[in-house]
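Next come the chains, spelled out residue by residue.
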Amino acid sequence: MADLEKLTQSLAANLKRWRGERGFTLDALAARSGVSRGMIIQIEQARTNPSVGTTVRLADALGVSISTLLDYDRGPQVRIVLPEESARIWSTEAGSSTTMLIGTDERGPMELWTWHLVPGEATESAPHPAGTIEMLHVTAGELTLIVGVQEFRVPAGAAATFEANLAHAYRNDGSVPMEMTLAVSIPPVNGHETPVHP
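All residue numbers refer to positions counted from 1 along the written sequence of the respective chain. Per-residue local features of the predicted model are confined to residues with pLDDT of at least 70, and side-chain atom pairs are confined, for both listing and counting, to 80 or more; whole-chain, interface and lining totals are unaffected and use all residues. Note that the side-chain values use all heavy atoms of the structure and ignore hydrogens as well as water.

(A) Looking closely at the packing of helix α2 (residues 26-33) against helix α4 (residues 52-62). Structural elements are reduced to axes, namely lines fitted to C-alpha atoms, with helices fitted over the stretch in contact, and the angle between N-to-C directions of any two is expressed from 0 to 180 degrees. Counting from the N terminus, the helices are the DSSP runs of H or I reaching at least four residues and the strands are the DSSP runs of E reaching at least two. Relative orientation of the contacting elements α2 and α4 amounts to 110°, with a least axis distance of 9 Å. One finds that α2 runs roughly perpendicular with respect to α4. Mapping the contact onto sequence places L29, R32 and S33 in α2 and R57, L58, A61 and L62 in α4. Geometric relationships in this document are graded by angle, where less than 35 degrees denotes roughly parallel, more than 145 denotes roughly antiparallel, 65 to 115 denotes roughly perpendicular, and other angles denote oblique. For this analysis, residues touch if any pair of their heavy atoms sits within 4.5 Å.

See the structure below:
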C-alpha cells in the first residue's frame, strides 16, 4: 500500500476512533474544529486527503497530536520512529518541507518536527487552542518568526518559545536554507471546553 493511501486509511480510522472516545457527534466536531460536517464524513470514509490545515484543526479539536491521527502502528511505551517512517506533512516544488518526527498524547499531545525552508518561502499556521506552546531551535540559516503581527529574527544556534494561540508563520528571508527542530505541546481536551473555532 502506498504511503499516501496508508495515511488516508489511518486518518479515517483514527478520526472515527478519537471522535468516538471524546463523545463528539459529527456536528460537535465540526463546530469545535471549523471543519465542515461533510468534509469530516469524507475523511472518515477515506474518500479525501485533507489539507494540513484541516488535519491540524481536527487534531486540535480532538486534543490529540497530528501523529496520532495519522499513525497506523501505535507501539509500546518505547517507540522508535526510523527516518523513513516519519510523516512528511508539507512540501513545495522549490524544496521546502516539514516532517513530523514523532508525537505522543501522554499528559496532553506533544509533537516533534523538523523544518526545511528554502530562501523566499514561508508557511502559515492558524491559532492553536489556548495553552499551546511551541519551542524551536534553528540549526541552519535564519528564521523569521511571525507571531500575531510581530516579527522576530531567530539566527542559527538560537532557540525560541511562544504561546501559539495567535496566528503564526515561519519565513526564510535569507539567502540559504533554514533548518529547525520544533516541539509543540498541546493542552488536553476537556469535554466541557468551548469550541476551538466558534
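Now that the structure is up, let's keep going.
(B) Region of the structure containing the nonpolar core. The criterion is simple. A nonpolar core is a set of buried Ala, Val, Leu, Ile, Met, Phe, Trp, Tyr and Cys residues joined through side-chain atoms within 4.5 Å. The rule is simple: take the accessible area with a 1.4 Å probe, protein chains only, and divide by the maximum for that residue type; under 20% is buried, over 50% is exposed, in between is partly exposed. With 40 residues, the main nonpolar core has L136, L143, L145 and Y170 as its most contacted residues. The element that contributes the greatest number of residues to this core is α4, accounting for five residues.

(C) Local environment of the packing of aromatic side chains. We call Phe, Tyr and Trp rings a pair once their centres come within 6.5 Å, taking the six-membered ring for Trp, and we label the pair stacked below 30 degrees between planes, edge-to-face above 60, and tilted otherwise. Counted according to the given criterion, the structure contains two aromatic pairs. Centre to centre, the rings of W113 and W115 are 6.3 Å apart; their planes meet at 45°, and the pair counts as tilted. Taken individually, W113 and W115 each receive the classification buried, so the pair is uniform in this respect. Counting every residue linked through ring pairs, the aromatic cluster contains W113, W115 and Y170.

(D) Quick look at helix α3 (residues 37-44). Every buried residue belonging to α3 is among I40, I43 and E44, and all of these are buried. Buried residues in α3, looked at end-on, bunch into an arc of 95°, giving them a common side. Residue A46 follows α3 closely and has a positive phi angle near 55°. Think of it as the arc spanned by the lines of direction from the helix axis to the C-beta atoms.

(E) Seen up close, unusual backbone geometry. Non-glycine residue A46 carries a positive phi angle of around 55°. The class of A46 is partly exposed, set by a relative accessible area of 23%.

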